[in-house]
Amino acid sequence: MANETADQYTVTDRTTLKRYAKRAEYDRKVVHAILDEAFVCHIGFVADGQPFVIPTGFARDNEQLYFHGSVGSRMLRALSSGADICVTVTLLDGLVLARSQFNTDMNYRCVLVFGKAREVTDSEEKAAALLKLTEHIIPGRTQHARAASDKELSQTAVLAIDLTEVSAKVRMGNTNDDEEDYSIPVWAGVVPLKLTPGVPIPDPRLDSALENAIPEYVLPYHRPVEMAP
Ligand SMILES: Cc1cc2nc3c(=O)[nH]c(=O)nc-3n(C[C@H](O)[C@H](O)[C@H](O)COP(=O)(O)OP(=O)(O)OC[C@H]3O[C@@H](n4cnc5c(N)ncnc54)[C@H](O)[C@@H]3O)c2cc1C
């Protein structure tokens, strides 16, 4: 179990893992690496008594996560009302094929964040957050793609949540069979899973002069994979 130091998130009742507590991680570097590799988070919130869990893009800036969307989005309106929210991020790293069905598992890295979101109203912070959101998808893109117009900015809401109440859970490695099962004559092992970019497909309306001008930040595209097994 992690200690409460500056390098670690403070463990709270809500972030204390109960099942497989040895897989708990509160180290900021571990949490940041998972958040920076992932594209999608799921935000859980309750609006008018109805629970929702909505997948959405996000970006981390130091100890904050940013989200964005239409000002008319129910999710963003609900989040900016100060409701409690829960954000989860999951990276799937492998299928763990044990000798028993019971011990069949998955390798994964997961982060869970509790807190309240705030709407970003400061124009400088909002602009910086939108840059982060684009750069999170593809670093380098903001140097080339057109920046948002004032009209687009007015149609876009940006929200932030502090990374204060945070846990990670990480399962890596081999099968964890019961000792007596190791003699069962069945294949066992791990099938690694990775998100692999394909060959970029030019837009049908791409200027023909640009057809062979794929930027170096597009090809080869890769995610940070410091922790992947
Ligand atoms: C990879 C990914 C990235 C995304 N990034 C963003 C983002 O950055 N910003 C953003 O605003 N949205 C993003 N979305 C879309 C997001 O999931 C929601 O669809 C959107 O925010 C809903 O806004 P809304 O207020 O119109 O929907 P709501 O009014 O909240 O939804 C109405 C109903 O539509 C259905 N619905 C809504 N979204 C989904 C969904 N994703 N899948 C299935 N059913 C759904 C549900 O039944 C819901 O009750 C992303 C989705 C994915 C999968």
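Structure first, text after, so check above.
For clarity, every value in this text was computed on a predicted model and none was experimentally measured.

Conventions adopted
Residues numbered from 1 in each chain as written. Predicted model: local features only at pLDDT ≥ 70, side-chain atom pairs only at ≥ 80, totals over all residues. Near = placed C-beta within 6 Å. Helix = DSSP H or I, 4+ residues; strand = E, 2+ residues; numbered from the N terminus. Pairing = 2+ DSSP bridges. Contact = placed C-beta atoms within 7 Å.

*Asks:* Would you explain the site of the ligand in this entry?
*Replies:* All residues adjacent to the ligand are V40, I54, P55, T56, G57, H68, G69, S70, S73, R74 and M75. Within the residue set of the shell around the ligand, elements represented by two or more residues are β3 (50–57), β5 (64–70) and α2 (74–80). When residues of the shell around the ligand are assigned to their parent elements, the largest contribution, four residues, is made by β3.

*Asks:* Explanation requested: unusual backbone geometry in the structure shown.
*Replies:* Trans is the common state for peptide bonds, and a negative phi is the common state for residues other than glycine. With phi around 50°, D48 is a residue other than glycine that occupies positive phi space. With respect to the helices and strands, D48 occurs in the loop between β2 (40–47) and β3. Residue N62 is not a glycine yet carries a positive backbone phi of 50°. By secondary structure assignment, the location of N62 is in the loop between β4 (59–61) and β5.

*Asks:* Teacher, can you tell me more about the pairing of strand β9 (residues 156–162) here?
*Replies:* Both faces of the sheet carry side chains from a regular strand, because those side chains alternate between them. As paired strands, β5 and β9 are joined by seven bridges and run antiparallel to one another. Its bridge partner lying in β9, G69 is registered against A157. Both strand β8 (residues 118–119) and β9 contribute to a ladder of two bridges, which runs antiparallel. Its bridge partner being in β9, E119 is matched across the sheet by L159.

*Asks:* What am I meant to see in the environment of D105 here?
*Replies:* Mapped onto the fold, D105 is located in strand β7 (residues 105–116). Here D105 is in contact with V96, A98 and R171, once residues within four sequence places are set aside.

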